[in-house]
Amino acid sequence: MHYYNLTHLKELESEAIFILREVAAQFEKPIMLFSGGKDSIIMFHLARKAFHPGKIPFPLMHVDTGHNFPETIKFRDKLIQETGESLIIKYVQDSINSGTAFEETGKNPSRNGLQTVTLLEGLEEGKYDCAMGGARRDEEKARAKERFFSHRDEFGQWDPKNQRPELWNLFNGKKKIGEHFRVFPISNWTEMDVWQYILYEKIKLPSLYFSHKREVVNRNGVLLGKCDYINLKDDEKWEEMTIRCRTIGDMTCTGVTESKAINVEEIIEEVAATRITERGGRIDDKRSEAAMEDRKKEGYF
Amino acid sequence: MNNDNKGYLNMELLRFTTAGSVDDGKSTLIGRLLYDSKAIFEDQMELLEETSKQKGEEGINLALLTDGLRSEREQGITIDVAYRYFATPKRKFIIADTPGHIQYTRNMVTGASTANLALLLIDARHGVIEQTKRHAFIASLLQIPHIAVCINKMDLTDYSKEAFDKIKSDFEAFASKLEIKDVHFIPISALNGDNVVNRSENMNWYEGSTLMHLLENIHIGSDHNHVDCRFPVQFVIRPQSSKYPDYRGYAGRIEGGVFKPGDEVTILPSGFKSKIKSIDTFDGEAKEAFSPMSVCMRLTDDIDISRGDMIVRENNKPTIGQDIEVMICWMNEKKIIPNAKYTIRHTSKSARCIIKEVKYKIDINTLHRMEDKEIGLNDIGRISIRTTKPLFFDSYTRNRNTGSIILVDEATNETTAAGMII
């Protein structure tokens, strides 16, 4: 007998494509957030699949902190050029210049939190009623309780205690004027699923994800790559190590890991053996136990 | 390791739901499944140890792992559905972990709506209690295809076969009143690991499989309906580009049956007939499509089709109608208002409906029909509704995807009820 069953990757892919199409059908002016990291690259790939042979019926938006790895920006620009899809870039620097965002000071300043200001300004300015993000529920425990369709009030805030129930594949994107939604099509994917899918689909990634030599500093157990935005403390120094990035965010807060994995197969082996979570290297999450929950309530995706 | 890299190409996905209260060992069991399958990481463990110590608890409190929100941690209870993930070389698992108390019925229903399997926990010392019955009822109402009844804390009853047999027959007696198809009973000790991942050496009288073996091997290929062809159109793809000037494809997810190019189909509500020209995906044309695949279909004829329409087979149509009988679970603080209007969502269709009558409310502990017809938060009852336009539906027992609806409050836009068509 013929066996009608999908593999886990095909089922996750189908679920994500369903959500992407639902967004295009239910919202007037959606947008897809794009950071240049692997999760947003996968989202972009899924969106192309969902609307093939048509173009993606919404633009991408990158909130650029100015503290990105140069490799990320190069990869982003090449991807957009090759596919002909449209990208909007919003600069955190513009929010700082206009006085709506304030640069942190001290030894470990980060623009991570400022992204929320620029993101909300960008959404308001473009009158976007839905922003899709590549967040996954396995990343962090506040995200484990996030819906696929996450309602936000007119200030972009998340109210975790008052979320709409989500059943079967019936999604409720109804809202009042001025309110909007965050939608997370790959909610049910794990880090391993993402890597297996990258291998299966032969998806190209920025070189940062693969093993390379880089000057880093060890700050409280987190390895940070050398850049102009990190000020060394007296007892710190740059040392060359063989590393790769497990996640890609700002250079100021993305911890890198020692690794010799030079291709996706080797990364999968490494992920299978590792005992530290993906965001374990993110300084922005280490600020407190509810750091992510608090940022999300304010409108961070 | 090389084999592991290839193995993922044959992995299936199993979604299961758990419900339980603070003391029945649910968190310990989930913690064990996650820990034994290496889904808990060192930095999460460190954080748990630290938090447990701060709260003055002995050992590590695995419940802290599933309580994601600050208010949940402060109150020491799980309020919302938490999703957890783990994988073995055979399958990937998604756990919808829900609180078991009666006031969280809506969360249990939410977690159950997409589950292949329900994991029910019974404390071997206490046997079948009200909460067990409630969970079994919800599993039956939501038509979860498989149920695993884990009789936990066997270590506290000296691993007694008699205790296990008694609970098994009590459960079966109660379940005979429900529509439950496939039940498995497993004696376990989540704390010591008996029959969770490894076979217990303390219960040689038990010849069934361990919980993990059941989760890895239970047949889920028949959980979707592969008989009745149902393709609700979700989105119309019209590139209007120089490469595809006249392309018109109907995108959506197959919600039942198997479709192939060349099949004769009927479009609802128009009743027009056509043939499938091709089933398109980004990776090329597909030879067939079945649930739950997301595809894009082209037809041989130019017909006006839009979101909310449904492509079916002429000789196997769903019910087409505006008067619908539904079992609902109410999910909102605001009680049901008879004769009021709500927005209804069903497959890719949206319409309005009026609550014509509340037939009865169910006491979910005794399964008795109640005199009281006021349906409020967490209540389950039977209602009849009339919709502004015809829906194309099947009974929920026949097809969970074309037999389910949600009601949306028109003033607040909140999802106010989940319904299963009778």
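Residues numbered from 1 in each chain as written. Chains lettered and ligands numbered in written order. Predicted model: local features only at pLDDT ≥ 70, side-chain atom pairs only at ≥ 80, totals over all residues. Heavy atoms only, no water.

Caption draft 1: Representation of the overall build of chain A. Helix and strand counts for chain A stand at 8 helices and 10 strands. The buried share among the 301 residues of chain A stands at 64%. For chain A, restricting intrachain contacts to residue pairs at least 6 apart in sequence, the fraction spanning at least 24 positions comes to 74%. Within the structure as shown, chain A displays about 11800 Å² of accessible surface, and the carbon and sulfur contribution to it stands at 50%. (Helix = DSSP H or I, 4+ residues; strand = E, 2+ residues; numbered from the N terminus. Buried < 20%, exposed > 50% of the residue type's maximum accessible area, 1.4 Å probe, protein only. Contact = heavy atoms within 4.5 Å. Areas by Shrake-Rupley, 256 points an atom, 1.4 Å probe, with all protein chains shown as cover.)

Caption draft 2: Quick look at the overall build of chain B. Counting its regular elements, chain B contains 9 helices and 23 strands. The globule rule puts the C-alpha radius of gyration for 422 residues at 22 Å, and the 24 Å found for chain B is close to it. A principal-axis box enclosing the C-alpha atoms of chain B has dimensions of 70 × 65 × 40 Å. Per-residue burial for chain B yields a buried fraction of 59% across its 422 residues. When contacts within chain B are restricted to residue pairs at least 6 apart in sequence, those whose partners lie at least 24 apart make up 69%. For chain B, the accessible area works out to roughly 17700 Å², and carbon and sulfur atoms hold 46% of it. Charge-centre separation for chain B: the mean point of 54 positive side chains lies 7 Å from the mean point of 59 negative side chains. (Rg over C-alpha atoms; globule rule 2.2 N^0.38 Å. Lys, Arg positive; Asp, Glu negative; His and termini not counted. Charge placed at Lys NZ, Arg CZ, Asp CG, Glu CD.)

Caption draft 3: Broad picture of the sheet that holds strand 8 (residues 222–225) of chain A. Residue and element names in this part refer to chain A. If you walk around this closed barrel you meet the 4 strands as 7-8-10-9, and the pairing is antiparallel. Adjacent strand axes in the sheet meet at a mean angle of 70°, parallel and antiparallel pairs treated alike. When strand 8 meets strand 10 (residues 255–258), the two strands line up antiparallel, connected through 2 bridges. Within strand 10, the position partnered with L224 by the bridge is G255. (Pairing = 2+ DSSP bridges. Axes fitted to C-alpha atoms, helices over the stretch in contact; angles between N-to-C directions.)

Caption draft 4: Spatial organisation of helix 7 (residues 130–141) of chain B. Residues and elements named next belong to chain B. The first and last C-alpha atoms of helix 7 sit 16 Å apart over 12 residues, in line with the 16 Å expected at 1.5 Å per residue. Taken residue by residue, helix 7 has Q131, T132, R134, H135, A136, F137, I138, A139, S140 and L141 as its buried positions. Where helix 7 terminates, the next one or two residues include Q143, which has phi positive at roughly 55°. (Expected span 1.5 Å × (residues − 1).)

Caption draft 5: Layout of the pattern of salt bridges. A full pass over the atoms with the stated rule returns 47 salt bridges over all chains. In this structure, K273 of chain B engages E314 of chain B in a salt bridge whose closest nitrogen and oxygen atoms are separated by 3.5 Å. Linking K273 of chain B in strand 12 (residues 273–281) with E314 of chain B in the loop between strand 16 (310–312) and strand 17 (319–330), this pair joins segments that are 41 residues apart in sequence. For K273 of chain B, a relative accessible area of 52% corresponds to the exposed category. Across the pair E325 of chain B and R382 of chain B runs a salt bridge, and its minimum N-O distance is 3.0 Å. On the criterion of sequence distance, the pair formed by E325 of chain B in strand 17 and R382 of chain B in strand 21 (residues 380–393) is long-range, its members being 57 residues apart. When salt bridges that share partners are traced, they join K10, E13, K49 and E201 of chain A together with D283 of chain B into one network. (Salt bridge = Lys/Arg side-chain N within 4 Å of Asp/Glu carboxyl O.)

Caption draft 6: Quick look at the packing of aromatic side chains. Considering all chains together, one arrives at 22 aromatic pairs over all chains under this definition. A centroid spacing of 6.1 Å and a plane angle of 65° characterise the contact between F149 of chain A and F181 of chain A, whose relative ring orientation is edge-to-face. Residue F149 of chain A is found in strand 5 (residues 149–152), and its partner F181 of chain A is found in strand 6 (residues 180–183); the two are separated by 32 residues along the sequence. Three or more aromatic residues joined by ring pairs make a cluster, and in this case those are F18, F27, F148, F149, F171 and F181 of chain A. Geometry around Y128 of chain A places K29 of chain A over its ring, the cationic atom sitting 4.9 Å from the centre. The ring of Y83 of chain B has R137 of chain A sitting right over it, with the charged end atom 3.9 Å from the ring centre. (Phe/Tyr/Trp six-rings, centres within 6.5 Å; stacked < 30°, edge-to-face > 60°. Lys NZ or Arg CZ within 6 Å of the ring centre and 35° of its normal.)

Caption draft 7: Quick look at the pairing of strand 23 (residues 415–421) of chain B. All names here are of chain B. Among the 7 residues that make up strand 23, 7 are buried, leaving the element largely enclosed by the rest of the structure. When strand 17 meets strand 23, the two strands line up antiparallel, connected through 5 bridges. Within the sheet, the bridge partner assigned to M327 lies in strand 23 and is M420. Between strand 22 (residues 404–408) and the antiparallel strand that follows it, strand 23, lie 6 residues; N413 among them carries a positive phi value of about 70°.

Caption draft 8: Just the environment of C227 of chain A, in detail. Residue and element names in this part refer to chain A. Tracing the chain through its elements places C227 in the loop between strand 8 and strand 9 (239–245). Exposure remark for C227: the relative accessible area of 12% places this residue in the buried category. Sequence separation between C227 and N68 is 159 residues, and the spatial gap between their C-alpha atoms is 9.8 Å. Once residues within four sequence positions are removed from consideration, C227 is found in contact with W238 and M251.

Caption draft 9: Representation of the environment of T88 of chain B. All names here are of chain B. Summarising the element assignment, T88 is placed in the loop between strand 2 (82–87) and strand 3 (91–99). Judged by relative accessible area, T88 falls into the buried class, the value being 11%. In the structure, T88 is positioned 315 residues away from G403 in sequence and 32 Å away in space, judged by C-alpha atoms. Apart from the residues within four sequence positions on either side, T88 is in contact with M11, F93, M212 and E216.

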